[in-house]
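Coordinate analysis (summary)
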Amino acid sequence: MSSNEIRIDERYISFKNINCFENACCVIDNMLRVLENPKNMNIYWKKIVPMIPKAYYTRNQKDDEKEAVLYLVCSNSFYLDELFEKANDEQGLKALSVCELECC
């Protein structure tokens, strides 16, 4: 084995100690906070909010075996970015950036 080859047991080492579930929950926390302002709510978000998985509300990663919380965030990252930009919400943008860079 050459020094450049990655061993099977090291393949996902870059994700070690990264809690993608909590990163995604943090993004949803910010999304829901921004959406409390009626001017930020629209038909798109009215359809997305009910899609938030139960695991987000229980905050139990074991309830999220299929990583639905992370999937919801990653698959809507463009729209979340737009939401946070329009609301001029730095906290939401930062949470989304961390989640995207570390997990999506």
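Remember, it's a predicted structure, so these values are computed and weren't measured experimentally.

1. Regarding the overall build of the protein chain
A tally of helices and strands in the protein chain yields six helices and zero strands. Start at the N end of the protein chain and walk to the C end: the helices and strands fall as α-α-α-α-α-α. Residues counted as buried form 34% of the 104 residues belonging to the protein chain. The contacts in the protein chain between residues at least 6 apart in sequence include a share of 68% that link residues at least 24 apart. For the protein chain, the exposed area adds up to about 7,400 Å²; of that, 51% sits on carbon and sulfur atoms.

2. Considering helix 4 (residues 68–75)
Side chains of residues three or four places apart in an α-helix project in the same direction, reflecting 3.6 residues per turn. Restricting attention to buried positions, one finds in helix 4 the residues Val69, Leu70, Leu72 and Val73. Around the axis of helix 4, the buried residues are gathered within 160° of arc, so they sit on the same side. Where helix 4 is buried, its residues meet helix 1 (20–35), helix 2 (43–48), helix 3 (54–58), helix 5 (77–86) and helix 6 (90–102).

3. So, the packing of aromatic side chains
Inspection of every chain in the model, using the stated rule, returns four aromatic pairs. Plain terms: the ring middles of tyrosine 44 and tryptophan 45 are 5.1 Å apart, the flat faces sit at 85° to each other, and that makes the pair edge-to-face. Accessibility expressed as a relative area gives 27% for tyrosine 44, which makes it partly exposed. Relative to tyrosine 57, the ring of tyrosine 56 lies with its centre 5.0 Å away and its plane at 80°, an arrangement referred to as edge-to-face. For tyrosine 56, a relative accessible area of 7% gives the class buried. Of the aromatic side chains, those joined through ring pairs into one cluster are Tyr44, Trp45, Phe78 and Tyr79.

Criteria and cut-off values
- Residues numbered from 1 in each chain as written.
- Predicted model: local features only at pLDDT ≥ 70, side-chain atom pairs only at ≥ 80, totals over all residues.
- Heavy atoms only, no water.
- Helix = DSSP H or I, 4+ residues; strand = E, 2+ residues; numbered from the N terminus.
- Buried < 20%, exposed > 50% of the residue type's maximum accessible area, 1.4 Å probe, protein only.
- Contact = heavy atoms within 4.5 Å.
- Areas by Shrake-Rupley, 256 points an atom, 1.4 Å probe, with all protein chains shown as cover.
- Arc of directions from axis to C-beta.
- Phe/Tyr/Trp six-rings, centres within 6.5 Å; stacked < 30°, edge-to-face > 60°.

Take it as geometry only, folks, not as evidence of what the structure does.
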